[in-house]
Amino acid sequence: MPPAPVCQDPRLFGRCAAAWVGVRSWASAQRHTLGVVPAVRPAAAPETPVALTRRARRIYRALAERYPYAHCELDFTTPLELLVATVLSAQTTDVRVNQVTPTLFARYRTAADYAGAERADLEAIVGPLGFFRAKSDALLKLGAALVERFDGQVPGRLTDLVTLPGVGRKTANVVLGNAFGVPGITVDTHFGRLVRRFGWTEEEDPVKVEHAVGALIPRRDWTMLSHVVIFHGRRTCHARKPACGACPVARWCPAYGIGETDPEKASRLLTYELAPTT
């Protein structure tokens, strides 16, 4: 198998990476046919900061083309509803949260409603989400804090939001980006997994991930970036079986090959609206 191309000119990194993907795919087929033990892949030249930024933005543009409809998948009509739904989404899925919030939002319309709610009533509604005692307690405390410190209104600043019970930077950025139009990067499990696979950062800490990625992508795009990366993580780049052969950013992804590379087989791994109909 030929060695990985070493790009001396950072402007050619994307082409070299794409070429290597093609060579590797061919070589993998040959090894499968001939039973050859694969050789150790030579290390590629270090990627310069400029090359990394350009590659990251290419990936973002490709994902935006793949998922032009990407959006926050929690149902809401007000900042309070989004804040509550995001708090409830911990350790569960957006789909399950959307199944209980219609009843919850119909009964509790203001922060004061949550502050004065009967714990047993809250627990009965949010019970299907798991951790219902902790989540009910969080809603009671959240409602009280909003009433006592913000006149019952959801604040529109990160520094204020993160002082609320049960609200960290991830939740705050979801609310700011989707309810107030303030750009923010949402580092959930999907986002963190994908940006590490993309080679954008090696950081594990969500705050450090947020800052590292924020340095690569223009601030105006942060909210949409979060949406398309999370969509991609849920639909294509799965944690255990990523569909590499059906990935629109495979040519720029250093993790290409950790999942199924055969296009037909990979297409069967796609989920949600991308899932095969037959």
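Our subject in this report is the structure included herewith. These numbers come from a predicted model, not from an experiment.

Quick look at the overall build of the chain
In step 1: In terms of regular secondary structure, the chain is built from 13 helices and zero strands.
In step 2: In the chain, which comprises 278 residues, the share counted as buried stands at 45%.
In step 3: Nonlocal contacts in the chain, meaning residues at least 24 apart in sequence, comprise 59% of its contacts between residues at least 6 apart.
In step 4: Accessible surface for the chain amounts to roughly 14,500 Å². Of this, 55% is attributable to carbon and sulfur atoms.

Brief notes about the nonpolar core
In step 1: Counting residues in hydrophobic clusters, the biggest one holds 36 residues, and the most contacted among them are Leu104, Tyr114, Leu139, Leu146 and Leu164.
In step 2: Put simply, the parts of the chain that give this core at least two residues each are α3 (79–88), α4 (94–107), α5 (111–115), α6 (119–126), α7 (132–150) and α9 (169–179).
In step 3: What Leu104 contacts, discounting residues up to four positions off in sequence, is Val84, Leu88, Tyr114, Leu122, Ile125 and Leu139.
In step 4: Formed by 34 residues, the second largest nonpolar core is a distinct cluster that contains Phe191, Trp200, Val213 and Cys247.

Some details on the packing of aromatic side chains
In step 1: Counting across every chain of the model gives five aromatic pairs.
In step 2: Ring centres 6.4 Å apart and planes at 90° place the aromatic pair Tyr67 and Tyr69 in the edge-to-face group.
In step 3: The class of Tyr69 is partly exposed, set by a relative accessible area of 36%.
In step 4: By way of ring pairs, the aromatic residues Tyr67, Tyr69 and Phe231 are connected into one cluster.
In step 5: Stacked on the ring of Phe231, the Lys or Arg Arg235 has its end atom at 3.7 Å from the ring centre.

Definitions and cut-offs
Residues numbered from 1 in each chain as written. Predicted model: local features only at pLDDT ≥ 70, side-chain atom pairs only at ≥ 80, totals over all residues. Heavy atoms only, no water. Helix = DSSP H or I, 4+ residues; strand = E, 2+ residues; numbered from the N terminus. Buried < 20%, exposed > 50% of the residue type's maximum accessible area, 1.4 Å probe, protein only. Contact = heavy atoms within 4.5 Å. Areas by Shrake-Rupley, 256 points an atom, 1.4 Å probe, with all protein chains shown as cover. Core = buried A, V, L, I, M, F, W, Y, C linked by side-chain atoms within 4.5 Å. Phe/Tyr/Trp six-rings, centres within 6.5 Å; stacked < 30°, edge-to-face > 60°. Lys NZ or Arg CZ within 6 Å of the ring centre and 35° of its normal.

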